[in-house]
Amino acid sequence: MGGYFFQSVFLVAILVNTFAAALASHASAARLLNIMGRDRIFPKRFFGYKSPETQSPLYCILFVVGISMTAVFFNLDTAVSLISFGALVAFSSVNISVLIQFSIVKKQVNSPREIIDNMIIPVMGLLSVGVMWFNLDKDAMVFGLAWAAPSLAYLIYCKLTNKVVILSDN
């Protein structure tokens, strides 16, 4: 249906879309790493460096490219599963953060609306994300946990050595 011309147009659109999404992801990841380097969460000498000519985070860009190049060793299913693992980490973190910040720290559970917004909706979000965690591919869990382990180890190291920078008291 549509023949080779339609397949070609569709393939070009997919490639352009993939390239644009990858470029946006790499740029934002490099900027985030640079900010974390600037704030001394990561080593400033490497991650906080900006090119004098372009003011771009050159070392961070190269770091993200290096990490991204490891994707050539994965098949498409594994890559998609890893993206799903990362998304589930983010969704879980958001719901847990809302529960902690508004229900425990700020104690904003005084009205039915606050209870719904600050407790019930985040718990429902966690339950729905929990279903997705339960159905996540085994390879995604193995690779995702292997990816998360060094990050967790670094976070514990920073906490034990008081290297965690508190940017705000809010």
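For every chain, the first residue of the written sequence is number 1, and numbering continues from 1 onward in sequence order. pLDDT decides what is reported in this predicted model: residues at 70 or higher carry local features, side-chain atom pairs at 80 or more are listed and counted, and totals for whole chains, interfaces and linings draw on all residues regardless. Side-chain figures throughout are based on the complete set of non-hydrogen atoms in the structure, without hydrogens or water.

> Got a minute to help me understand the packing of helix α1 (residues 3-38) against helix α3 (residues 58-69) in this structure?
Between two packed helices, both the angle of their axes relative to each other and the distance between the axes serve to describe the pair. What counts as an axis is a line fitted to C-alpha atoms, over the stretch in contact for a helix, and the angles between N-to-C directions run from 0 to 180 degrees. Secondary structure elements follow DSSP: runs of H or I of four or more residues count as helices, runs of E of two or more count as strands, with numbering from the N terminus. Following both chains from N to C, one finds α1 and α3 inclined at 125 degrees, their axes separated by 8 Å at the closest point. One element, α1, and the other, α3, form an angle in the oblique class. Considering how the two elements wind past one another, α1 and α3 form a crossing that is right-handed. Listed contacts from α3 to H26, A29, A30, L33 and N34 of α1 are C60, I61, F63, V64 and S68. Should an angle fall under 35 degrees it is taken as roughly parallel, and over 145 as roughly antiparallel, whereas 65 to 115 is taken as roughly perpendicular and any remaining angle as oblique. Two helices that cross are described as forming a left-handed crossing if the nearer one is turned anticlockwise from the farther one by less than a right angle, and a right-handed crossing if clockwise. Residue contacts are counted whenever heavy atoms from the two residues lie within 4.5 Å of one another.

> So what exactly am I meant to see when it comes to the environment of D77 here?
Within the element layout of this structure, D77 appears in helix α4 (residues 76-105). D77 sits 63 residues away from A140 along the chain, and the two C-alpha atoms are 9.1 Å apart.

> Help me understand the nonpolar core, please; the structure alone is not making it clear to me.
One broad rule of soluble globular proteins: the nonpolar side chains tend to lie buried together. We call a set of buried residues a nonpolar core when its members are Ala, Val, Leu, Ile, Met, Phe, Trp, Tyr or Cys and they connect through side-chain atoms within 4.5 Å of each other. Burial classes: relative accessible area under 20% of the type maximum marks a residue as buried, over 50% as exposed, and values in between as partly exposed (1.4 Å probe, protein chains only). Among the nonpolar cores identified, the biggest contains six residues, and these are A30, L33, F42, F47, C60 and V64. If you list the elements that add at least two residues to this core, you get α1 and α3. In terms of nonpolar packing, the next biggest core, distinct from the first, is built from five residues, F85, L88, L136 and A140 among them.

> Just checking my understanding: could you explain α1 for this structure?
Note that an α-helix has 3.6 residues per turn; residues three or four places apart therefore point the same way. Here α1 contains 36 residues, and its C-alpha end-to-end distance of 53 Å stays within 8% of the 52 Å for a straight helix at 1.5 Å per residue. Every buried residue of α1 is accounted for by A30, L33, N34 and G37. In this fold, the buried residues of α1 make contact with α2 (44-47) and α3. Positive phi shows up at R40, right after α1, with a value of about 65 degrees. A helix's residues, less one, multiplied by 1.5 Å, set its expected span.

> What should I look at first to understand the pattern of salt bridges in this one?
Charged atoms that come close allow side chains of opposite charge to pair. Take a side-chain nitrogen of Lys or Arg and a carboxyl oxygen of Asp or Glu: if they are within 4 Å of each other, that pair is a salt bridge. The tally for this structure, following the rule as stated, stands at two salt bridges. Two residues, R38 and D39, come together in a salt bridge whose shortest N-O distance is 3.3 Å. A salt bridge links R113 to D117; the shortest N-O distance between them is 3.0 Å. Placement of both R113 and D117 in helix α5 (residues 112-134) is noted, with a separation of four residues, approximately one turn of the helix. Classification of D117 as partly exposed rests on a relative accessible area of 31%.

> Help me understand the side chain of S51, please; the structure alone is not making it clear to me.
Structurally, S51 is set in the loop between α2 and α3. Take S51: its relative accessible area is 6%, and that puts it in the buried class. Between N or O atoms, a polar contact is any pair within 3.5 Å; within protein, one atom must be a potential hydrogen donor and the other a potential acceptor, and residues adjacent in sequence are included only when both atoms are from side chains. Side-chain polar atoms of S51 contact the side chain of E53, separated by 3.1 Å. Leaving out residues up to four positions away in the same chain, S51 has contacts with S56 and L58.

Without other data, these values stay purely geometric and don't point to any function.
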